[in-house]
Amino acid sequence: MSAGYRVRPGGSRRLQADCKVCSYSHTYGTSRSYVHHRAFGRIGAAYEKLGDLPNAILNYQKSLTEHRTPEILAKLRAAEKAKILAEKNSYVNPEEAEKARELGNQKFKEADWPGAVEAYTEMIKRAPDDPRGYSNRAACFIKLLGFPSAVQDCDEAIKRDPNFVRAYLRKAQAYFAMREYNKCLDACEEAMTHDEGGKNAREIEQQQQKALQAQYSAREGETEEQTIERIQKDPEVSYSSTMPSFATVTMELTTRSRRLSASSKIRSCRASCSKPRPIRRRCRTT
């Protein structure tokens, strides 16, 4: 069996791969499928050296069809990742990204939210390291009520630029719409931390006030049991809820609230009893 490649004169690079099963292969105890597996693996490696990743992937897959080994599988995964990365890099174009951003801004002003999402998605593909594409698309997702997607895009923008305050503000807006007021306040605090010069201080404070007012109005009029349930669901006190003292206090409060609610439903003996006084006393002792 022989498999390889060579570069011919004249500047043209041609792959010369030969997959021959020798007549003596069975003499050494080597099966035909294993020989084909090795041949396809070498062909794939040759194509990969020439930069022809599609043919390299194809031959690696053929090799795994004949005989599956970790070595060829690792080469296949590496070739697939290299192909995806090469396609992304070939698609990157800052000029086209700026055109897509301008188109997205125009669609956003026209209230064409799906069209704006499509334009900003194209911008992200053309300029994957620009945080504005993710932040602008998050604003569109908020308009479309896709709040989890908006939070995810804001996180991607923050990864690319931790000082991009607009991403923190839009993240806070998404959490506010989801009624996650604690997370909204946390996002506002992060925005305040990264707001150099206080350029966005007024907008951040307004968002904080909205979250605080909504938080207090949501808690107004809730019962004691609802308060306990809300505290138990709060992630900030989830660790404390596992402590014995916290569990004891919670159980005691729950028991008291149940007793109070039960006693308010039971009519008193004096109000319901119309018997003479001596009999009424006996009724009290029973």
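Being a predicted model, the structure only gives us computed values, none of them experimental.

Student: Looking at this structure, how should I read the overall build of the chain?
Tutor: Counting its secondary structure elements, the chain contains 14 helices and 2 strands. Residues classed as buried in the chain amount to 29% of the 286 residues present. Counting only contacts in the chain whose residues sit at least 6 apart along the sequence, the fraction spanning at least 24 positions is 46%. Carbon together with sulfur atoms contributes 51% to the accessible area of the chain, which is approximately 19,100 Å² in total.

Student: Where do I start with the pattern of salt bridges in this structure?
Tutor: Pairs can form between side chains of opposite charge whenever their charged atoms are close. Scanning all chains against the criterion turns up 13 salt bridges. The closest approach of N and O atoms between E80 and R77, which form a salt bridge, is 3.6 Å. In this pair, E80 and R77 both sit in helix α3 (residues 70–91), 3 residues apart, roughly one turn of the helix. A residue is classified by how much of its surface remains accessible, and E80, at 26% relative accessible area, is partly exposed. One salt bridge in this structure joins K159 and E156, with 3.8 Å as the shortest N-O distance. Linking K159 with E156, this pair stays in helix α7 (residues 147–160), spanning 3 residues, or about one helical turn. For E156, a relative accessible area of 22% puts it in the partly exposed group. Put simply, E98, R101, D130 and R132 are held in one network by salt bridges that share partners.

Student: Explain unusual backbone geometry to me, please; I cannot follow it from the model alone.
Tutor: Trans peptide bonds make up most of the peptide bonds, and negative phi angles are found at most residues other than glycine. The phi dihedral of L145 is positive, around 65°, even though this residue is not glycine. Here L145 lies in the loop between α6 (131–143) and α7. Positive phi is not limited to glycine here, since R179 has a value of about 65°. With respect to the secondary-structure elements, R179 resides in the loop between α8 (165–177) and α9 (181–194). What makes R179 exposed here is its relative accessible area of 68%.

Student: Looking at this structure, how should I read the packing of α6 against α8?
Tutor: How two helices pack is summed up by the angle between their axes together with the distance between the axes. Running from N to C, α6 and α8 point in directions that differ by 15°, and their axes come no closer than 10 Å. Here α8 runs roughly parallel to α6, going by the angle between their axes. Remark: the crossing between α6 and α8 carries left-handed chirality. Counted together, S135, N136, A139 and I142 of α6 and R166, A167, R170, Q173 and A174 of α8 form the full contact between these two elements.

Student: Please explain the packing of aromatic side chains as it appears in this structure.
Tutor: How two aromatic rings sit relative to each other is set out by the distance from centre to centre and by the angle between their planes. For the coordinates displayed, the defined rule picks out 2 aromatic pairs. Centre to centre, the rings of F108 and W113 are 5.0 Å apart; their planes meet at 65°, and the pair counts as edge-to-face. Sitting over the face of the ring of F176, K210 holds its NZ or CZ atom 5.1 Å from the ring centroid.

Student: I would appreciate a short explanation of the nonpolar core in the present structure.
Tutor: Most often, soluble globular proteins have nonpolar side chains that are buried together. By size, the foremost hydrophobic cluster in this structure holds 34 residues, and its most contacted members are A150, C184 and I204. Breaking this core down by element, the ones donating at least two residues are α4 (94–109), α5 (113–126), α6, α7, α8, α9 and α10 (201–219). The leading source of residues in this core is α8, at 7 residues. Setting aside chain neighbours within four positions, we find C184 in contact with A172, Y175, F176, Q207 and A211. Membership of the second largest hydrophobic core comes to 7 residues, among which are I57, L64, L76 and A79.

Student: For this particular structure, what's the right way to read α9?
Tutor: Residue pairs three or four apart in sequence face the same way in an α-helix, which turns once every 3.6 residues. Taking 1.5 Å per residue as the helical rise, α9 with its 14 residues ought to reach 20 Å, and the 20 Å between its terminal C-alpha atoms agrees with that figure. Contact partners of the buried residues in α9: α8 and α10.

Student: What should I look at first to understand α7 in this one?
Tutor: With 14 residues, α7 extends 20 Å between its outermost C-alpha atoms, agreeing within 8% with the 20 Å of an ideal straight helix rising 1.5 Å per residue. In the core, the buried residues of α7 are packed alongside α6 and α8.

About the criteria used
- Residues numbered from 1 in each chain as written.
- Predicted model: local features only at pLDDT ≥ 70, side-chain atom pairs only at ≥ 80, totals over all residues.
- Heavy atoms only, no water.
- Helix = DSSP H or I, 4+ residues; strand = E, 2+ residues; numbered from the N terminus.
- Buried < 20%, exposed > 50% of the residue type's maximum accessible area, 1.4 Å probe, protein only.
- Contact = heavy atoms within 4.5 Å.
- Areas by Shrake-Rupley, 256 points an atom, 1.4 Å probe, with all protein chains shown as cover.
- Salt bridge = Lys/Arg side-chain N within 4 Å of Asp/Glu carboxyl O.
- Axes fitted to C-alpha atoms, helices over the stretch in contact; angles between N-to-C directions.
- Parallel < 35°, antiparallel > 145°, perpendicular 65-115°, else oblique.
- Left-handed = near helix turned anticlockwise from the far one by under 90°.
- Phe/Tyr/Trp six-rings, centres within 6.5 Å; stacked < 30°, edge-to-face > 60°.
- Lys NZ or Arg CZ within 6 Å of the ring centre and 35° of its normal.
- Core = buried A, V, L, I, M, F, W, Y, C linked by side-chain atoms within 4.5 Å.
- Expected span 1.5 Å × (residues − 1).

In short, shape yes, function no, at least from these values alone.
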